[in-house]
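Okay, here's what each chain looks like letter by letter:
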Amino acid sequence: GLCSDKVRFWKIKDGRSLLLPPCLVETPEAHVLERAVLESRVREVEEENRQIRLQLSQAQGTAGQAADVGNYGNAVWGASADTGPEDVENTAEERTNHTECPRSPMVQKCELIHVACVCAGHNASRDVVTLVKSILFHRRNPLHFHFITDAVANQILSLLFQSWMVPSVQVSFYDADELKSEVSWIPNKHYSGIYGLMKLTLTKALPSDLTKVIVLDTDITFATDIAELWAIFKKFTDKQVIGLVENQSDWYLGNLWKNHKPWPALGRGFNTGVILLYLERLRRIGWEQMWRLTAERELMSMLSTSLADQDIFNAFIKQNPVLVHQLPCFWNVQLSDHTRSEQCYTEVSDLKVIHWNSPKKLRVKNKHVEFFRNLYLTFLEYDGNLLRRELFGCPTQLQGALEELDEDDQCYDFRRERITVHRVHLYFLQYEYTLTGDETDITLVAQLSMDRLQMLEAICKHWEGPISLALYMSDAEAQQFLRYAQASEVLKNRKNVGYHIVYKEGQFYPVNLVRNVALRNANTPYVFLADVDFLPMYGLYDYLRKSVVQLDMAHAKKALVVPAFETLRYRLSFPKSKAELLSMLDMGTLYTFRYHVWTKGHAPTNYAKWRTATTPYKVEWEADFEPYVVVRRDCPEYDQRFVGFGWNKVSHIMELDAQEYDLMILPNAFMVHMPHAPSFDISKFRSSPGYRYCLQTLKDEFHQDLSRKYGAAALKYLTAQRNI
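Right, let's walk through the structure included here. (Residues numbered from 1 in each chain as written. Predicted model: local features only at pLDDT ≥ 70, side-chain atom pairs only at ≥ 80, totals over all residues. Heavy atoms only, no water.)

1. Description of the nonpolar core
Reasoning step 1: Grouped together as the largest cluster of nonpolar side chains are 116 residues, with contacts concentrated most on Phe481, Phe528 and Leu544.
Reasoning step 2: The residues contacting Leu544, other than those within four sequence positions of it, are Ile442, Trp463, Phe528, Val562, Val630 and Leu666.
Reasoning step 3: Residues Ile113, Ile135, Ile214 and Leu216 belong to the second largest nonpolar core, which totals 58 residues. (Core = buried A, V, L, I, M, F, W, Y, C linked by side-chain atoms within 4.5 Å. Buried < 20%, exposed > 50% of the residue type's maximum accessible area, 1.4 Å probe, protein only. Contact = heavy atoms within 4.5 Å.)

2. What to know about the packing of aromatic side chains
Reasoning step 1: In total, this model carries 31 aromatic pairs according to the counting rule given.
Reasoning step 2: Relative to Phe528, the ring of Trp463 lies with its centre 5.7 Å away and its plane at 40°, an arrangement referred to as tilted. One end of the pair, Trp463, is in the loop between α14 (455-462) and β14 (467-473); the other, Phe528, is in strand β16 (residues 526-529), and 65 residues separate them in sequence. Summarising the burial analysis for this pair, Trp463 and Phe528 share the class buried.
Reasoning step 3: Pairing Phe481 with Tyr499 gives two aromatic rings, centres 5.1 Å apart and planes at 55°, and the pair type is tilted. You can see Phe481 sitting in helix α15 (residues 475-487) and its partner Tyr499 sitting in strand β15 (residues 497-503), a full 18 residues away along the chain. Here Phe481 matches Tyr499 in class, with each residue buried.
Reasoning step 4: Here a set of aromatic residues connected by ring pairs shows up, and it is made of Phe145, Phe147, Phe161, Trp164 and Phe173.
Reasoning step 5: Geometry around Phe428 places Arg126 over its ring, the cationic atom sitting 5.6 Å from the centre.
Reasoning step 6: Of note, Arg281 hangs over the ring of Tyr278, and the distance from its end group to the ring centre comes to 4.1 Å. (Phe/Tyr/Trp six-rings, centres within 6.5 Å; stacked < 30°, edge-to-face > 60°. Helix = DSSP H or I, 4+ residues; strand = E, 2+ residues; numbered from the N terminus. Lys NZ or Arg CZ within 6 Å of the ring centre and 35° of its normal.)

3. Quick look at the sheet that holds strand β6 (residues 220-222)
Reasoning step 1: Read across the open sheet, the three strands follow the order β6-β11-β10; overall the sheet is mixed. One side of each edge strand has no neighbouring strand; the edge strands of this open sheet are β6 and β10 (333-334).
Reasoning step 2: Note: β6 against strand β11 (residues 353-355), three bridges, orientation antiparallel. Directly across from Ile220, in β11, lies its bridge partner His355.
Reasoning step 3: Lying over the sheet, helix α11 (residues 369-380) contacts β6 and β11, oriented at roughly 85° with respect to β6. (Pairing = 2+ DSSP bridges. Axes fitted to C-alpha atoms, helices over the stretch in contact; angles between N-to-C directions.)

4. Here we look at the pattern of salt bridges
When the charged atoms of two side chains with opposite charge come close together, those side chains can pair.
Reasoning step 1: One pass over the structure, following the stated rule, counts 30 salt bridges.
Reasoning step 2: One salt bridge in this structure joins Glu477 and Lys504, with 3.1 Å as the shortest N-O distance. With Glu477 in helix α15 and Lys504 in the loop between β15 and α17 (511-520), the pair connects residues that are 27 residues apart, well separated along the chain.
Reasoning step 3: Take Glu477: its relative accessible area is 16%, and that puts it in the buried class.
Reasoning step 4: The class for Lys504 is partly exposed, based on a relative accessible area of 34%.
Reasoning step 5: Salt-bridge contacts for Asp634 lead to Arg632; the nearest nitrogen and oxygen are separated by 3.6 Å.
Reasoning step 6: Where salt bridges share partners, they join Lys133, Asp383, Arg423 and Asp475 into one cluster. (Salt bridge = Lys/Arg side-chain N within 4 Å of Asp/Glu carboxyl O.)

5. Points about unusual backbone geometry
A negative phi holds for most residues other than glycine; trans holds for most peptide bonds.
Reasoning step 1: Backbone geometry at Ser168 places phi at a positive 60°, although glycine is not the residue there.
Reasoning step 2: You can see Ser168 is positioned in the loop between α4 (151-164) and β4 (169-175).
Reasoning step 3: Positive phi, normally seen in glycine, also occurs at Asn606, with a value near 60°.
Reasoning step 4: Residue position: Asn606 is located in the loop between β20 (591-592) and α20 (607-612).

6. Concerning the sheet that holds strand β23 (residues 662-665)
Reasoning step 1: The strand order across the open sheet formed by nine strands is β12-β15-β14-β13-β16-β22-β18-β23-β21, and the pairing between neighbours is mixed. Looking at which strands have only one partner, the edges of the open sheet turn out to be β12 (424-425) and β21 (617-619).
Reasoning step 2: Judged from the three bridges that link them, β21 and β23 form a sheet pairing that is antiparallel. Within β23, the residue paired with Val619 across the bridge is Leu663.

7. Points about α4
Reasoning step 1: Here α4 spans 20 Å end to end across 14 residues, near enough to the 20 Å set by a 1.5 Å rise per residue.
Reasoning step 2: Of the residues making up α4, those classed as buried are Ala153, Asn154, Ile156, Leu157, Ser158, Leu160, Phe161, Ser163 and Trp164.
Reasoning step 3: Within two residues after α4, Met165 carries a phi angle of roughly 55°, on the positive side. (Expected span 1.5 Å × (residues − 1).)

8. Notes on the state of the cysteines
Reasoning step 1: Inspection of the entire model under this criterion finds one disulfide.
Reasoning step 2: In this model Cys411 forms its disulfide with Cys694; the gap between the sulfur atoms is 2.2 Å. Every disulfide takes its handedness from the sign of the S-S torsion; for Cys411 and Cys694 that torsion is -100°, giving left-handed. Pair noted here: Cys411 is in the loop between α12 (397-403) and α13 (412-419) and Cys694 is in helix α23 (residues 689-710), with a separation of 283 residues, a long-range link.
Reasoning step 3: Residue Cys694 is classed as buried on the basis of its relative accessible area of 2%.
Reasoning step 4: No disulfide involves Cys117; its sulfur sits 6.9 Å from that of Cys119, the nearest cysteine.
Reasoning step 5: Exposure remark for Cys117: the relative accessible area of 3% places this residue in the buried category. (Disulfide = S-S within 2.5 Å.)

Below, the structure written as structure tokens:
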């Protein structure tokens, strides 16, 4: 069939590629057809026939059916997120358009649209997600994103798209480091640095058989279907190779201040936040050599660029004006101060692309800025899971897996959770910790949700080492967290904390999946597997590193247990030493952890022995033991079948024991649990017999799996469970 439900990977020379293009085939016939259509369009005198073409397009409704990269047939691709299947035939152009422009030539339903972005660092990786959401929200066509990235953006975006699993979206990555030598000789004063020049290299960076691409800055928001922009390629004359919107500030007029000397430009110049690049033609005219010669010539007098690639594009266009196709300005409404952006549209519903190209971003001056800001914030906080909707008629992998589940199973919801793929955004904030080569270094690993944010500052004060945190949040909550972290003096000054967002989906808290995200992204040889409700004792980081050496952790399978205590007081004078903790224990201001509700969880720690211990001591595993431990980073991961409350840590300690880790209690370490309201999942466990039944079913299945993996040695866990 046209659309396959099998996931296929598109391999690309010089670019690593992810994800799934259904119904995408290139044919020579399509290219012949494309050239013929272009030649016929070039012969039209567009302005003279404007009204005639408008009437024709309205009458026929089928103008411009030529394919761009292949003859894909006439499959219907699904409606955008805000429309239903019944109005799938109503393209964006058919809605009311106050600009009274002619309808753009239609893009075929299954035509693949290519989009390129340069993205480097943590902040740009966050910004580009909002751009992508705005594109996905309106789109009706399959898309292929091409990202020129540094190592940071590559790591973040590759997992994000892999876990997002948006149907009919492909993603390819190209290493910016390999392109730096192409542009590093150009002095650039713009804050974007070397990455601000990378768009000049796209004919070289992107696959040689890619004919056209839309190039976007990361600070762009779409308010319409990107296919409308793609269709403008068909309006190019046979000489035109670049499509750009006029610059809406006076920068290139050279009158902003005394002695202001901008690079040469045609009139007001052009803005390079949105570019249509006809790659095939650019290669034909020798683009690489042409822009280099232009840059070399101008740099002799200008010495450096002020607006990065934009200066070079403009100098090139001034020399070769016939090569540019000027786009209507609503395709790049530039919201920097002192622009003519308000002249771009008569009503805000006209505009199609918003470009936040002021360093002030959302605080820019424009009479409609509230409207623009709200549009931007809508996509910023929009639930990305809703964008997983299919383009009509192509089932996804997840659907196939769901069909294999028994809907009559009492524990269907639990089993469904196991196959749910949660979107993951690694390193949501700036992260600068680099490994020192210290073979004893330890990362504190924990997970949290919105209701535990207040613990972060305290943990950072108690633990100066690296931290890997996975946060289970909605898109809107992730933005609240971002604002909270940026406003906190404590958090914004800590660069060795990796914050990884796992986006909410489903009715359970997938606690072990979230823990595993934090564990996988720890960068040190050892990890301290903690919970966010605990404050480590002051100095624990250094003490644990010494213990790692003392107990020869590099050559022995050991799990170092940090004894856990708790307080019921919200305001606690935190114990400065073991002696002080013991005194508070005797006075009743501290307790051994969960002694009054779940003694089994920590009983094997043997608190009575710990009181007087001066050296580490080994304890045997017992049923339901769930201590907080330091282990090597290559320890087993948490079992993800356990969601919500119950057995999520118990199962992990059981597996450590099955793998013959020695459980060693540290005599001079402790952590204190701070009080908080009970979680939603523990309330469900206490009130729902069905929840408890399913948890027992999952435990039984876990035991069976342990027996298969570890043989007779695992029988003791089953026996221990039956004796409870």
